[in-house]
Every structure is written in structure tokens, then in C-alpha cells.
Amino acid sequence: MAKVNTSRQPTGNRPLVWTIAGSDSGGGAGIQADLACMLDLETHGCSAITAVTAQSSVTVAAVEAVSDDMLIAQLDTLAADLMPKAIKIGLLASQTQINIVASWLADKLATWQGANLTVPVILDPVMVATCGDALANGEQLDFAPFKGLLTLITPNVSELAILAGRQLSTSDDSVKAATSIAALLQTSVLAKGGDRGPNWQQDNARDLLVCRQVKGVSSLHSDHTFWLTSLRIVTENSHGTGCTLSSAIAAVMAHGFVLHDAVVVAKAYVSLGLQNSYQPGHGPGCLARCGWPNDVASYPMIESLLSLDLSLSDVDVSHKPAYAFSQIAEPLGVYPVVADIDLLQQLLSAGATTIQLRVKDATDPQLEQKIVAAVALGRDHCAKVFINDHWQLAIKHQAYGVHLGQEDLFESNLQQLSQAGIALGLSSHSYFEILLARQHHPSYIAFGHIFPTTTKQMPSAPQGLGKLARYVDLMHGELPIVAIGGIDASNLAAVKASGVDDVAVVRAVTEANSPAQAYQILVDEWTLGAGHGAD
């Protein structure tokens, strides 16, 4: 049985999410599924209804669009009082409705952007109900008016072919079609393989994520393409799956997560919903609402698609690591990160059992000499010394471990590191990066930056304690989790309360008048669980 998350965040100050979609009188899809999902993912859902359907689990008997004036009135009324953190768009019953919503959205997004507000927009191009009936009165819809307005569009296999205007016979066809749609609409594309198109792997639920850089939403993995693969859940109860997925993406983004995070969390949410689905009528049943997904096994495997000839049969969704790295049995505790050999020696003498040498300047003429000295000091003090970035030199001089950032994964030789018997620490800044790191089964994963930091240029905003708690909950003891970024005596207790295993510290020791004394104070506070509270 899948792990179901029964915890809930406080109901006050929930982020607002809009759904602009049709009503499903059967309650399994459309507005009804959207609002149930948004509530379940700890947001407050608002709705602008585009059409009323006479619908059950077995048929769509009638579709009646609301008037143009009523559609605009709903949008204007919401905008005057209930500012969204994200918007999901579902069924638009006609080309006229597409034009109306796109025009309204263009004006409103420009106004919000002028006020430095970024509102992600997720479009689920609903065309056919699960039972097979058309929802747009047979009209051929053109989504071009949404060009430049969307954060993501989420067609399934059939809708992808319709949008591309051609049959998609191979996986390459699908990649090319999704890439062309991303360019045409200037948006990211999540092409869903859940309905078993002929060019998608049958044993797995496989989605294609084509990422484009979105204004105001930075990510290390923008402008990349990925396969997201999960074990296929065999069930007929898939009514509202597309509605739920797109709503979940919007809800997760409303909590401040980047698009890549929202997609993998939403995919896990749908997987859990399918595992626990139920059948209220005679046709396909509904997804269960299982809360924020914290079962890491329900999350997808991620492949970066660097070429179009990647075989679908190459994917292993068993979550078995491709390489094996040294595992760390004892806690890392307070883990200093330093750039200076003298300081490294001071902290080792003060009792540090784990420490990292981070020399960012690859042209430093003394780089190799520093690494040699750090490794030797680690052996002298029986301590675990990690070398940041410079993995070739770490292997050459037999360092205990290497710490790499996500950007280094594509450049470093993980097989060579594994064969050297070296420990591996990996940085992560998001759910997406946690999954990428986990797939390599490192010795630990570092989460950060938790608080604002000036020690390096960061690719993302501070994670904060709320996100840290979610990440820790997801991993729940699978690997050592190290929090990093802006951590010092003033917030150490709050970080420890998240349940994280260890903490890495930089300025708290490197900028202290007495680094050794500062380190010892942090160790005492971490060990005793005491502190001075959060900032």
C-alpha cells in the first residue's frame, strides 16, 4: 500500500489558485476535480466556469458554454479581490472562448508583471473526455492566441498529435512535436504518455518534459528535455487524471516551487491517486486525494534527453542506483565548508570530524597543493575531508570524498568516482534536483540554500524552513540530509526542528573572530538541541 500523507499545513494564508475550466456534473474531472486537488494540496481554489456539461462516468450527454459576458465577468470579479499565485486553464469550449481568455490574460499578466508579480499559467488543452466523447462541439481549436502567455501546456499523446497536426509514430516524432509546440507557443511542454500512445513505453507511465526558460522563473535545468518515468498503475479509474495533473502543477507552483518541482510532485500526486482510486459509477472511476506526496517511490525517474536516439528500453524505474558510493554510518553533525588550508587545520584540531575544502578558482596555481594538504590533514586527524568540484584531483590524491553541484553531474565521471571507492555528496535546490541526486545514490544530499547567503551566486531563491521540512519528509531517513546556506547560531534550533540529519556551515565559522570557538559553540548547540531561535 502506498504511503498516504495525512499531515496538513495550517489553513490560514493558503495561496490562491484559479481554475478556468468546465464543470463535470459527475464530479470526477473539470472544475470539481480541480478544486478537490487544490484543497488537498493546501491551496484555496477559485473557479471561472467556461461550460456546463451533462456528464457521467460513461458519457458526455451535453456541453453548454457560458456566455462571453459571464466568462469575462467571472474573471474580472476574481481579479478584483482574489489575486492568484497560479492559474490552471482547462476546457475552453470554443475558439471564441480561447480568444477571450487569451486576450484577458494578456492584459492582466502585463499589469501583474508591471507590479513585479509573476503568475504561472498552466494550460491543459482538454479536447476529449475519458469516456471518449468530444468536449469542444467538434470545433478545431487553435491555441496560438496563448503564445507567450503560458508557463506550461500539458497535452496527452492524442492531443499532442492534434496540436502538431500530424501522426506521431515514433518517440522521435513525439520529441520533435513537443519541441515545435514549445517554440510555437513559447512555453514549456509536458507531453503525457498515460493513455498509452503507440510510440510510448507500455509498461511504464512516461511523460516528456520540454523545458523553456520562463521569464521570472529561473531554473538550472531550463532549455533541457527530460523523460519522466514511473511504473504504470493498472487501473481503469483514470477519470480526471489530466485535470488533476495540471491543477496539481498549478497548486505546487503557488507554494513557490519552480516548474520542474511542480511537475514531479504533481506526477507523484497522480500516481498515488491512481493507486488509491475508486469507482463511483459504471464507467472509469476517480483518483483518490492523498495529500502532498511524501513517498519517494511514487516520484518519477528522470532522464536528460541529450539526443533523439535514446532508447525507451533503457529506463530502469526500480530506483536501483547505477553506481555505488561509500555510505556514511555516523552523523556528519556540524559540517564546516572552508576555502583555506590554515582554517581547515584549525577546525580539525578543534574536533571537526567532517569538513569540506571549497576552492572555487580552478586557475588557482596552488589548487593541487591545497588538495594534497587537505587530504593529508584529514588522515592525520582521522576525519572525513570532502573536496568540492575538483573530482579528478580528489581521485588522484585519494580524498575521502567529493562534493558536486547539479551542474557538475553532466561533466564528472561518476563511474570513475564510484570505482575509486570515494564518498559522494551532491547539492540540490529542489524536488527535481533531489530526485536527480538520489538516482546516483550518493553518500549524502545537501539541501539549500535555506537562508540568504553571500558566499556564492545561487541559481534559486532561499528554500526556507517550510521547503526543507518537505524535503526531509520526502527522504525520511533514506540518505543523510545536510542543510546548508545561511545557517548560524541564531537559526540552528529551527533548522534542527525540521528533522534534517546534519548542517553545513560557512560564514558562521569562516567570518568568526575565533573560528574554532565558533565551531565548538555550534556543535554544542546542535548536540544539545538548543539555540537562540530563528531569524
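It should be noted that the structure appears before, not after, this text.
Below you will find a few notes about this structure. This structure is a prediction, so every number in the text was calculated from the model and none was measured.

1. Digging into the overall build of the protein
Looking only at helices and strands, one finds 16 helices and 18 strands in the protein. The burial tally for the protein puts 56% of its 535 residues in the buried class. A separation of at least 24 residues holds for 68% of the contacts in the protein among residues at least 6 apart in sequence. Carbon and sulfur atoms make up 51% of the accessible area of the protein, which amounts to about 21,400 Å² in all.

2. Notes on the nonpolar core
If you look at the biggest cluster of nonpolar residues, it comprises 99 residues, and the most contacted ones within it are Leu228, Ile249, Leu417, Tyr431, Ile487, Val500 and Val503. At 10 residues, the largest contribution of residues to this core is made by helix 7 (residues 259–275). Sequence-distant contacts of valine 503, that is, excluding residues within four places in its chain, are made with Gly333, Val334, Tyr335, Val482, Ala483, Ile487, Leu492, Val495 and Trp526. With 44 residues, the next largest nonpolar core counts Val119, Phe143, Ala182 and Leu185 among its residues.

3. Structural notes on the pairing of strand 2 (residues 44–55)
Inspection of the sheet shows strand 1 (residues 16–24) paired to strand 2 by 8 bridges, in the parallel sense. Looking across to strand 2, one finds that serine 23 is bridged to valine 52. Considered for its hand, the β-α-β crossover made up of strand 1, helix 1 (residues 30–40) and strand 2 is right-handed. Relative to strand 3 (residues 60–65), strand 2 runs antiparallel, the two sharing 5 bridges. Bridge pairing links valine 52 to glutamate 64 in strand 3.

4. Let's talk about the pattern of salt bridges
Where charged atoms from two side chains of opposite charge approach closely, those side chains can pair. One pass over the full model with this rule turns up 10 salt bridges. Aspartate 207 serves as the salt-bridge partner of lysine 267, at 3.1 Å between the closest nitrogen and oxygen. Pair noted here: lysine 267 is in helix 7 and aspartate 207 is in strand 8 (residues 204–210), with a separation of 60 residues, a long-range link. Here glutamate 330 makes a salt bridge to lysine 384, at a shortest N to O gap of 2.9 Å. Here glutamate 330 is found in the loop between strand 10 (301–304) and strand 11 (334–338), whereas its partner lysine 384 is found in strand 13 (residues 384–388), with 54 residues between them in sequence.

Reading the values: rules and limits
- Residues numbered from 1 in each chain as written.
- Predicted model: local features only at pLDDT ≥ 70, side-chain atom pairs only at ≥ 80, totals over all residues.
- Heavy atoms only, no water.
- Helix = DSSP H or I, 4+ residues; strand = E, 2+ residues; numbered from the N terminus.
- Buried < 20%, exposed > 50% of the residue type's maximum accessible area, 1.4 Å probe, protein only.
- Contact = heavy atoms within 4.5 Å.
- Areas by Shrake-Rupley, 256 points an atom, 1.4 Å probe, with all protein chains shown as cover.
- Core = buried A, V, L, I, M, F, W, Y, C linked by side-chain atoms within 4.5 Å.
- Pairing = 2+ DSSP bridges.
- Right-handed = clockwise from strand over helix to strand, strands pointing away.
- Salt bridge = Lys/Arg side-chain N within 4 Å of Asp/Glu carboxyl O.

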